[in-house]
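Each chain, written out:
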Amino acid sequence: MEVLALILIPFLAGLLLLIARPAAMARGIALVSTLLSLAVVFWLWYTWTGVAVTGISHDWVPAWGMRFVLGYGGIGLLMLILTGVLFPFIIGTGYKQPVGDPVLVNALLLFCQSALFGVFLAQNAFLFYIFFELTLLPIFFLLLKWGGEHKRAITVRFFLYTLLGGLALLFSIAYVTLQTPLPHSADFSVLAALHLPMHVQMWLFWTMFLAFAIKMPIFPFHSWQPETYTMAPTQGTMVLSAVMGKMGLYGIVVFLFAIVPEGAQYWSSWVIGLSLFGALYAAVIAFRQNDFKRMVAYSSMSHFGLMCAALFTWNAYGISGTMYQTFAHGVLMVCLFYIVGAVSQRTGSNDFASMGGLKTKMPRFALLFMFVVGNAIALPLTQSFPGEWLMYNGLWQWNNWTAFAGVLLIVLGAIYMLYAYQRVMLGPDRNIAVTDADDEEHTFLVPLILIFMLVGLFPNVILHLVDGPVQHLLNSFTSLP
Amino acid sequence: MSALILISVLGVLVLYLGLFAKKSWLAPVGILGLLGAIALFYTGWHINHPLLGGMVVFDRFSIGFNIGMAIITVLIFLFGPDYYARKEHHVAEQYALMLFALVGGFILTSYSSLLMLFLGIEILSIPLYILAGAKKHSLRSNEASFKYFLLGAFSTAFLLMGIALLYGITGSFHLDALAAHMTQSGGSDLMLNFGLFFVVTGLAFKVGAVPFHFWVPDVYQGSPTLVMTFMATVVKMAGFAAFFRFIDMTGMPDALARIMVLLTIATLLVGNVIALKQTNFKRLMAYSSVSHSGFLLLALLSDHGLEAGHGMAVGHTLLYYTFTYSLATIGLLILFTIAKRANNGAEHNNIFQGLFAAKPWLALCALAMFLSLAGIPLTAGFVAKYQVFLLAIGAGWLKVMLFGVLMALLGIYYYIMVVREVFVRPAHTVTFVVSPLNWLVISLCAVGVLVLGVWPALI
Amino acid sequence: MLYLFYFFAAISVIAALVVVSARSPINSAIALVVCFLSIAGHYILLNAQFLAMVHVIVYTGAILILMLFVIMLLNMNMMIEVQKPAITKILAVITGGLFFLVLLAATKQGLSTPVPATFDPGVGLVKSIGIALFRDYLLPFELSSVLFLSATAGAIMLAKKDNSPNVNRPPSSEPNGNAA
Amino acid sequence: MEHVMTAIRVVPLDSYLVLSFLLFSIGMVGALVRRNVIIVIMCLELMLNSVNLLLVAFSAYHSDPGAQIMVFFIMLVAAAEVTVGLSILVLMKRNTDSVDMNILNRLKW
Amino acid sequence: MVKLDLLAILVPALPLLGVFITGFGRRKLSAYAAGGIATAMVALSFIASLILFLGHDGQTHIVHLFSWIHVGAMDIPFAFQIDALSLWMMLVVTGIGTLIHLYSIGYMHDDPRVATFFAQLNLFSFSMLLLVMGANFLVTFIGWEGVGMCSYLLIGFWYTTPAFNYAGRKAFVMNRIGDVGMLLAMALMFYQFGTLNYVDVMQQGGLMASGNPLIVTATLLLFLGATGKSAQLPLLTWLPDAMAGPTPVSALIHAATMVTAGVFLVVRSSVLYELAPYTQDIVLWVGVATALFGATVGLFQNDIKKVLAYSTVSQLGYMFAALGTGDYGNGMFHVTTHAFFKALLFLAAGSVIHALGGEQDIRKMGGLKGVTKTTYVTFLIATLAICGIPPLSGFFSKDGILASTFAANPVAYAVLVFAAMLTAFYMFRLLFLTFFGTYRGTAHPHESPKVMTVPLVVLAILSAIGGLLNIPHIFGGHSWLNTFLASAADGIGMHPLELSAGTEWTLMAISTALVLLTIWYAWSLFCKKTTLDGEPADMPFLKRLIAKRWMLDELYAWLFEKPFGWISKHFFSIGEEKIAVPLTAGTGKATLGFGEWLRKVQTGNSSFYLFAMMVGVVVLLILTYFSA
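Let me begin by describing the structure that accompanies this report. Every chain is numbered on its own, with residues counted from 1 as its sequence reads. Lettering of chains starts at A and numbering of ligands starts at 1, both following the order in which they are written. pLDDT decides what is reported in this predicted model: residues at 70 or higher carry local features, side-chain atom pairs at 80 or more are listed and counted, and totals for whole chains, interfaces and linings draw on all residues regardless. Note that the side-chain values use all heavy atoms of the structure and ignore hydrogens as well as water.

### A few points about the interface of chain E and chain A
Okay, step 1: Each side of the interface is counted separately: chain E has 54 residues, and chain A has 61 residues.
Okay, step 2: Buried area is understood as the total, over both parts, of accessible area removed when two parts are fitted together, assessed with a 1.4 Å probe. Note on chain E versus chain A: buried area summed over both sides is about 5100 Å², and carbon and sulfur give 72% of it.
Okay, step 3: Basic side-chain nitrogens of Lys or Arg form a salt bridge, by our definition, when they fall within 4 Å of a carboxyl oxygen of Asp or Glu. Taken together, chain E and chain A are joined by 0 salt bridges.
Okay, step 4: We define a polar contact as two N or O atoms separated by no more than 3.5 Å, with the added condition that, inside protein, one atom must be a possible hydrogen donor and the other a possible acceptor, whereas residues neighbouring each other in sequence contribute only through side-chain atom pairs. Linking chain E with chain A are 17 residue pairs in polar contact (both at pLDDT 80 or more), by the criterion used here.
Okay, step 5: Elements are defined by DSSP. Helices are runs of H or I of four residues or more, strands are runs of E of two residues or more, and each kind is numbered from the N terminus. For the side of chain E that touches chain A, the secondary-structure elements that each account for two or more residues are β1 (61-71), β2 (74-82), α5 (137-155), α6 (162-193) and α23 (552-599) of chain E.
Okay, step 6: Top element by residues in the side of chain E that touches chain A is α6 of chain E. It accounts for 17 residues. Contacts are assigned to residue pairs that have any heavy atoms within 4.5 Å of one another.

Pasting the structure below:
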């Protein structure tokens, strides 16, 4: 029942907003709703015993294997936590950096959260797909209505590009569902038991991977990402990078690895190559950006590249590290985009040229930013470090040289992040009229900083969630013929 | 059978009402009659034997389609009073002609003889030739009517040639005889294939498959919107029902299957690609209709290759697809009429601007229907496409299906472009006048596509 | 018999060609009459007397008269038809020729028509047609009334002159939604 | 009775096929090359008649009245079609003062 | 045990507490309060370390706090290792740290962000303590990165100057390059041993054959990390730039503690290094080369702190040379003595700078010995110590290294002796130009306050007597430090010096004589008359080359920065702007264009429609003909 509540709470709250249109209280209602879902998520976490839970199982259209099955394993729970924890912050962003009509924006965000919970709860491929695509709609409108420059063209491009992946996924789902014994079923559990022949897995892998690669995005399917992130309103960018991108990683683990393990294994070197190249590529490009937000966008892409590469190393460290990192990255992205938003709100532009020397005027903000930078460059004892460390280990175990390429990212990351920090905060005071971080911004950033410091100190709280499922995944693969 | 008679008589009745200038009675009477027909069809649900010398057979497939078409016609009739509010002449004729065309549609869903196929197509078409030209003083309406007639008659000739050849080979017009012949002698006979091909040509014309689609955009655009609605919905349903009956009986020999593949691919490609650049909404919907024909053809195509017993699955899919497509189309075209009136008769896509600001509920309805046409999850359009894909995969048409998937993506683009307009605030103020009946129909359609999308098992 | 067939065939083909190529609609119509009559001859050759009669009545009696009527009504004979460019014509002929060739080639492969052993010479007579029409083909027969009704109603509706003020509205005044 | 059969079958079915196809093709080409609507309608009639001829030939060979019934219906339909077509033509003439079928080309692209 | 655990936790926890107090109270605390608290925390930490040290029983104690990262077979605890090595480093770090904190109170009291400064300094102490106390590589790595971050923050402490920020970034990035090696080494070791605990790694590694490629790779990678942190060739250019930070920072981080982390790491892994002779050779030669490099560049620098920075580079080279020969004891010994005298030198230099109101150019100093007496005396002691004049601390440590090197490789020895001469030359040049002659500047020099001079005096005493810690056998000592440290790891005491007493005496005499000679030469150049260098542009080629740091920065700029910039630019301008985005947008545009083109087929002309349909029929018919 709780799982249904997770989907319904934000949905109903969003509906309430749309119907009642309480302009003044819209954010409050949205925030309360997300906190409520967060409470449910924590309840699920608290009662989590380490075994997969099936909350609801209901027939839908049996003829096509469509069933309404909601549940979660460790990895799913992690994703729920991610969504649950981040959304109050994403909603909260609206207080200080409002975009447009609060009713609509918050309703859309809540719908998006509802769909995201759905994605992470769905235990049926078809259901998964439906939620997967539904997440896109609120974001689409958010971007279309409140995006920046060229919003219409970019939004449509983004929408189509991601839908292309979605359709490829749909195709794959339809295909594998038909391969199940009669009566067909698209339940993950049934699909995972399929042993598709190798030649099928070889091509099926790509149709599946395409969807997830576009979602994250992975080089060379990334071209929608920088412009979309840059153009989107802050909250939209947060949702896109912090949560929606994770659907790609999540999908790979629960979907791709389960259904086409051999295909994934076969293509892993290609994927790792692409991902790592993309990660380095994005990191190198990020350095060059003159637009703060675009730089963060590229940094996000760089991180995703590393995560995806580590995922395909097929060992406990790589996969666990990636799963852990999804959370870390989510928190990081929310922080970073919030900071981008806060700074550009003050200077009136995302351009680095309009910034610089802000630290003199906003020392408290600079300090908070510094913490975030520390997390971004994966200093130990911040949240990002254990994840990156595990991912490097995963890569090393897979192939030494890929680990080398991966580790280079910490150098590149330091280069562009510190450069950005310098360009925003440091240097002589340029007498730009800005104010220091106020209480609202503190209330926003400090809890996030606490989260990433605490998780960095005790990463096991997250790692324990995924450890079992990952081991299970690996075992099931090694036991294949 | 009695439903058939009822509708025919109803048509006559409506004509008479027109004589007595009872304009306000037309739609209610028509709707009542249609509801009666639906009830009659429903009572015949379990009768499944050939009627009247094997000319027609009312099985579940045809009854399903018939009920569907009748419901759609009811919705269109509900649109009628508002649409014809300012028109004085020939309103009764138009209702009557629609009813007559509907009779043709009923025959098309249930024919079991090629003669009936021919007759059904003609009964369906001839009223439409006239209806397309119903705006007598509009050049465009005239043009639509003319083009439809000319091309329609032309394709009828091919259909007849096909029927003649098939008759020459089997010695009978009956579909069973054809099926028996196919199973007996296989599908390698050249003349037989030509015959099949010509019949398919005629049917493909009716459903607007490329390269027999040329009439579709022009006729849709030129016809009065209400007539276009009828064409895009009932005619398409009937056309595909007929197509399916024919394809299913012949079992589609390989040569025909190859032709069908080409038709499917061409239809998907042309329909979607040309629609990308359409700025006239009616024309856009026309091309969208072509593209949907492509997907439906894909479903038909998968009749070849599915294991035995899946024929009904294809039929079901066709019904579901066409019905939900019709729902969305009706709703959108009614909205279009409203928007067109609000914009002094303009038909450009941007007439929808300001809809969200002025009528949020209708805008959301429009959104639902557009998304349904585009095939976004939780709408009926998505389920429909998914069914088609499932069928195509099951039948092994992987590559065609992948092509279809790509084209579905293009489809999303042009619908989204219009959706975008709905949410744009226009430069000048636009007043949308919505009659309660129209509001009801639009809401019904939108809720319909959503409900059917969530519970596809309802159909 | 064979010669008769060739005779009628030749007439019908020549007449058809005249229909296609004649300058004046009247000439075309007259050639069409000739063509239809020769086809009626074929029907008789094929022992379909009833049809031959109906054919003559319907086509030459009704349809063609209607056409001539319209031609005269619209004063069409005076109009000079704009000719299509030669290239279009050539292409059309080539396409038509190809079409014919393919069918011809198929004919060469023969028709796998099972010729029934029994033969009923009365098939084409009124009696057998009547029986078939009112027994087996009753439904289509009835339905054709619907067809006719709609055609009639429609034709009246279209052709009737309404006393509407904007007859012959200049084409440009119509809003062109296609403008983009 | 046999002589009727032999009389009919003196002419091979293929000849009828060829004749019918030829007429059909001529009608088709005519529809393509002419611009006068009424002549195009005539050409369409020609095509229908070629089919009729074919059907009657088949009917005779199969000794089955069905095809003749079909021809009967085709004639009916042709009549109806011509009626409708001519009324459209009249309307067109009235609106555009022309019977050139390409004069109506406002609906395009 | 509980007491030990508690103390071990207290050692890093106290500075961390200081971070919180000074950090959160940075707006409320006065300069003295903040400094006092920070100093007290480190001092308390020192006391705790001292208690631990005094109570040390020669055993290795692991203080296990909690399991940090646990995945599958990987279980990395957050644990401290208390053994001789870490204890010794803790003492050095907290001890020197206390003095420098104390000194900073005076040095920084005028700065508006003094509390922030102390918070960061405390954070550094905390990180450094984690580094030395970690029981496994990963905990060490926390500190390793932490000190890097603090170094970045403190170098760029005066953030309004872009050059300082740049220096900070440079330091951090170069360290990160080293960290690549460190991370890879850890990944390798984890892959090989399944653990990163020092104890287990050393135990398992010790069982492997000497020269095992795995060990060689691991040690090389570790050494890469060490070169970054300890400013060895090739990753040394950041250190001179790092002098941008406040002087106490230079003293603490870039002279006494952080830069010796590399040495510490190698000593920590001495077991592995012992099994990798190939790596040891590399360590040796890198050390030797760095020593020479630093010494040469130091010759012609005019910035007082830059001279000291290159001297630090050079001295670190000595330490690595020692490690390369396997003489870990003397390496650590030199770390200690160097911490004393180099910290002293920096602090004294800071005192001079303070006295001159921020002037750092030695060409604008001179004659200060009369004004800043304490500073002068302490500076002199430190200079003598660094030059290796007996019996000051530097003499013992450097001599130990020279002896080991001689035993290992006479060529290396010769180079190091030469470097020692250069050291003497530039140190005395610095001394003479700063304190002797006449004052050439414009400010009004004054002696620093007590809070600054007291640490100087303490350090001077330590520099003077520090040699007592490890008096070699020939002087009748027992190499106490060597013995003490040997209990920490198997590798440390493995190479007892095998030179005869005679040889040792000879070596000592040679080096001392040469150094004295050099000092005389420097005296003749800079004290008798004052020779001032101009700008590098006016110098002869070789001198210019050396003065410009052997063009190393330029080389790197040409080798790395430029290509990186180029790649970055072109990845973006070509890869993104010319390929990726146009390709996506172009696909869309092309499709739209196709649609635009295709819609023209719909001509609106009925004849054409008929014709097109016809063509369609014919084409399909022909296809049917051929496929049936």
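### So, the interface of chain C and chain D
Okay, step 1: In this complex, chain C contributes 85 residues to the contact, which on the side of chain D involves 81 residues.
Okay, step 2: Inspection of the region where chain C meets chain D yields 0 salt bridges.
Okay, step 3: Counting only elements with at least two residues in the side of chain C that touches chain D, the list comes to α1 (2-21), α2 (25-45), α3 (49-73), α4 (86-108), α5 (126-136) and α6 (138-159) of chain C.
Okay, step 4: Considering each element in turn, the side of chain C that touches chain D owes the most residues, 12 residues, to α3 of chain C.
Okay, step 5: Note that Gly is not counted as nonpolar here; it falls among the polar residues with everything else outside the nonpolar set of Ala, Val, Leu, Ile, Met, Phe, Trp, Tyr, Cys and Pro and the charged set of Asp, Glu, Lys and Arg. Considering only residue class, the side of chain C that touches chain D consists of 61 nonpolar, 16 polar and 8 charged.

### Some remarks on the packing of aromatic side chains
Okay, step 1: Here a pair means two rings of Phe, Tyr or Trp (six-membered ring of Trp) with centres within 6.5 Å. Their orientation is stacked below 30 degrees between planes, edge-to-face above 60, and tilted elsewhere. Inspection of the entire model under this criterion finds 122 aromatic pairs over all chains.
Okay, step 2: Considering the side-chain rings of Phe 281 of chain B and Phe 352 of chain B, the 5.0 Å spacing of their centres and the 75° angle between planes classify their relative orientation as edge-to-face. Note that Phe 281 of chain B is positioned in helix α12 (residues 281-301) and Phe 352 of chain B in the loop between α13 (311-342) and α14 (355-358), a separation of 71 residues in sequence. A single burial state applies to Phe 281 of chain B and to Phe 352 of chain B, both of which are buried.
Okay, step 3: The rings of Phe 205, Trp 206, Phe 209, Phe 257, Tyr 266, Trp 267, Trp 270, Phe 312 and Trp 314 of chain A are connected pair by pair, giving a single aromatic cluster.
Okay, step 4: Geometrically, a charge over a ring is one whose NZ (Lys) or CZ (Arg) sits within 6 Å of the ring centre while staying within 35 degrees of the ring normal. A cation over an aromatic ring shows up here: Arg 113 of chain E above the ring of Phe 157 of chain E, its NZ or CZ 4.5 Å from the ring centre. We call a residue buried when its accessible area falls under 20% of the maximum for its residue type, exposed when it is over 50%, and partly exposed in between, using a 1.4 Å probe and counting protein chains only.

### Notes on the side chain of Ser 568 of chain E
Okay, step 1: On the secondary structure map, Ser 568 of chain E appears in helix α23.
Okay, step 2: We classify Ser 568 of chain E as buried; its relative accessible area is 0%.
Okay, step 3: A distance of 2.7 Å separates a polar side-chain atom of Ser 568 of chain E from the backbone oxygen of Val 284 of chain A.
Okay, step 4: Among residues more than four places away in sequence, those in contact with Ser 568 of chain E are Val 284, Ile 285, Phe 287 and Arg 288 of chain A.

### Some remarks on the pairing of β1 of chain E
Okay, step 1: Strand pairing is defined by DSSP finding a minimum of two bridges between the two strands. In the sheet, β1 of chain E pairs with β2 of chain E via 9 bridges, with the strands oriented antiparallel. The residue of β2 of chain E that forms the bridge with His 64 of chain E is Ala 79 of chain E.

Don't take any of this as a statement about function, it's just geometry.
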